[in-house]
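# Working through the structure, step by step
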Amino acid sequence: MNVTINGRTQHFRTVSFDSGTNSVRLIEQRLLPHEFKIVSIRNFRDTAKAIRDMVVRGAGAIGATAAYGLAQGIRAFRGGDLNAFSANVATVYQTLKEARPTAVDPVNAMNAVCAAMRAGESIEEKQSLALAAAEEFANEDVRHCEEIGRHGAGLIRNGARILTHCNAGWLAFVDVGTATAPLYAAQTAGKRFHVFCDETRPRSQGATLTAWELAQQGISHQIIADNAAGHLMQRGEMDMVIVGSDRVLGRTGEVTNKIGTYTKAVLAARHKIPFYVAIPLSTIDWNLKRGFDIPIEERSENEVLGAWGILERKKEKGKRKKERCYVRVANPASGARNPGFDVTPPELITGIITPAGILRPRDLWKQREVLKS
Ligand code: MRU
């Protein structure tokens, strides 16, 4: 999407690859909205670390990063021994897979890279097929988000007040985003609407990333505390909810998303407000049979016990420098529990906005031939 900084507007993708230096290039999301910076990552172990430490986050974005990271590790291999080459592929794959467990997109993305590589006979050929497949995953992610926008725009009526949770915007994908795609398409169609961004504690992706995106695109919005949605729904101040997802079970229609999503879905059902989930096809897990088996990431208790922000310090020669700082908020003698995601059952979901159209959650399985092709 376009980013305007100091009056200068430029188009960026969240994730890209520089084949000349074999580097993965990422927007450093931990600095947003205070600083816009691109980082170049030169080996697959550091790429996995960038996923783990949330330099990059969001299902499609970590999918593309894992695909590029796999190609990066494969391209760094030297020598002619095919067995050693395969062992290297397995190490790179496993390292990237373990970086974050809940989103299925990295696994689907890396499986696509491995499948494409099989057509190559020499190591060199496999290396170039791996990068081409990673590029194709990234480009397909963008196409899927654009299709979601086309299908979802009709759901946004003029004057609508829409709740979104966490960040399923372009920063969570390669470009455009999923939950935001219908918003951007409706804006292009000339509709006016207002978005409530759940703050999304503990890491505040709504307050920092979604709010920054919407401000950049000139969309009317306000940040609300995570606990405020019920009150606004009860007072008739919300018309619909659109969220993204990190893993949707194709067999059951269960939706995994950032912690707090399930609570919002229960509230929306209580107040008869439509609840939509927007996903690219790489977010569908066709194998798992029940939501209970989805690996839910447990993150550091420090995320709950404190918060990050930016401090501006005065340095030598009167120059000011921005620094990312952590402050402890909670009682010093207390610990915390920090599950990163929850699972929303299909009966609470009005529709899943996919690149192939809007489906009821339980119809994903019926449509699997179309959705898998
Ligand atoms: O922990 P994060 O920030 O990687 O969480 C992922 C998310 O951004 C959300 O769960 C999002 O709503 C779906 S991913 C596009």
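Here the structure is a predicted model, which is why all the values come from computation and not from measurement.

Moving on, we get to the sheet that holds strand E8 (residues 221-224). Spatial strand order, E8-E7-E6-E9-E12-E17-E18: 7 strands in an open sheet with mixed pairing. Each having just a single partner strand, E8 and strand E18 (357-359) make up the two edges of the open sheet. Strand-to-strand twist across the sheet, computed as the mean angle between neighbouring axes with direction ignored, equals 25 degrees. Of the pairings in the sheet, the one linking strand E9 (residues 240-243) to strand E12 (residues 275-278) comprises 3 bridges and is parallel in character. Directly across from Val243, in E12, lies its bridge partner Val277. Contacts between helix H7 (residues 205-216) and the sheet are confined to strand E6 (161-164), strand E7 (194-198) and E8, with E7 contributing the most and set at about 160 degrees to the helix. Relative to E12, helix H9 (residues 261-270) is tilted by about 145 degrees, and along the sheet it contacts E6, E7, E9 and E12.

Along its sequence, the protein chain is carved into domain 1 (2-146) and domain 2 (155-295 + 339-372). With centres defined by C-alpha atoms, the gap from domain 1 to domain 2 works out at 25 Å. Contacts between the two partners involve 36 residues from domain 1 and, on the opposite side, 34 residues from domain 2. Among the residues of domain 1 in contact with domain 2, Thr102, His144 and Cys145 are the three that bury the most area, contributing 22% of the side total. Joining domain 1 to domain 2, the criterion identifies 0 salt bridges. Elements represented by at least two residues in the side of domain 1 that touches domain 2 include exactly strand E1 (2-5), helix H2 (59-75), helix H4 (105-117) and helix H5 (123-152). The element contributing the most residues to the side of domain 1 that touches domain 2 is H5, with 7 residues. Of the residues that constitute the side of domain 1 that touches domain 2, the class distribution is 18 nonpolar, 10 polar and 8 charged.

A word on the packing of helix H1 (residues 44-52) against H2. Relative to each other, H1 and H2 sit at 165 degrees, their axes nearing to 9 Å. With respect to H2, the axis of H1 lies roughly antiparallel. Note that H1 runs across H2; the crossing there is left-handed. For the pair H1 and H2, contact is made by Phe44, Thr47 and Ile51 and by Ile62, Thr65, Ala66, Gly69, Gln72 and Gly73, respectively. Its residues placed into classes, the contact of H1 with H2 shows 4 nonpolar, 5 polar and no charged.

A few words on unusual backbone geometry. Of note, the bond from Leu32 into Pro33 is cis; its omega dihedral lies within 30 degrees of zero at 5 degrees. By secondary structure assignment, the location of Pro33 is in the loop between strand E4 (23-27) and strand E5 (38-41). Residue Pro202 follows Arg201 across a cis peptide bond; omega there is 10 degrees. With respect to the helices and strands, Pro202 occurs in the loop between E7 and H7. Its identity as a non-glycine residue notwithstanding, Asn22 has a phi of 50 degrees, on the positive side. Mapped onto the fold, Asn22 is located in the loop between strand E3 (15-18) and E4. Positive phi outside glycine occurs at Val176, with the angle close to 70 degrees. In this fold, Val176 is placed in the loop between E6 and helix H6 (181-188). Take Val176: its relative accessible area is 12%, and that puts it in the buried class.

Let's shift gears to empty space enclosed by the protein. Considering all chains together, one arrives at 2 cavities of 30 Å³ or more under this definition. When its volume is computed, the largest cavity comes out at roughly 190 Å³. Looking at the largest cavity, it is lined by 22 residues, and the ones nearest its centre are Arg57, Gly58, Ala59, Asp246 and Phe341. Among the elements of the structure, H2 and strand E11 (255-258) are those that each provide at least two residues to the lining of the largest cavity. Class assignment of the residues belonging to the lining of the largest cavity gives a composition of 9 nonpolar, 8 polar and 5 charged. Residue-level mapping places the lining of the largest cavity at the junction of two domains, with at least three residues from each of domain 1 (2-146) and domain 2 (155-295 + 339-372). For the second largest cavity, the calculated volume is near 50 Å³. The wall of the second largest cavity is formed by Pro202, Arg203, Gln205, Lys258, Ile259, Arg299, Glu303, Asn338 and Gly340.

About the criteria used
Residues numbered from 1 in each chain as written. Predicted model: local features only at pLDDT ≥ 70, side-chain atom pairs only at ≥ 80, totals over all residues. Heavy atoms only, no water. Pairing = 2+ DSSP bridges. Helix = DSSP H or I, 4+ residues; strand = E, 2+ residues; numbered from the N terminus. Axes fitted to C-alpha atoms, helices over the stretch in contact; angles between N-to-C directions. Contact = heavy atoms within 4.5 Å. Domains from an automatic or database assignment. Buried area = accessible area lost by both parts, 1.4 Å probe. Salt bridge = Lys/Arg side-chain N within 4 Å of Asp/Glu carboxyl O. Nonpolar A, V, L, I, M, F, W, Y, C, P; charged D, E, K, R; others polar. Parallel < 35°, antiparallel > 145°, perpendicular 65-115°, else oblique. Left-handed = near helix turned anticlockwise from the far one by under 90°. Buried < 20%, exposed > 50% of the residue type's maximum accessible area, 1.4 Å probe, protein only. 1 Å grid on protein atoms, 1.4 Å probe; cavity = no way out; pocket = protein on both sides within 12 Å on 5 of 7 lines; lining within 4 Å. Points joined across faces, edges and corners; volume = space filled by probe spheres on them.

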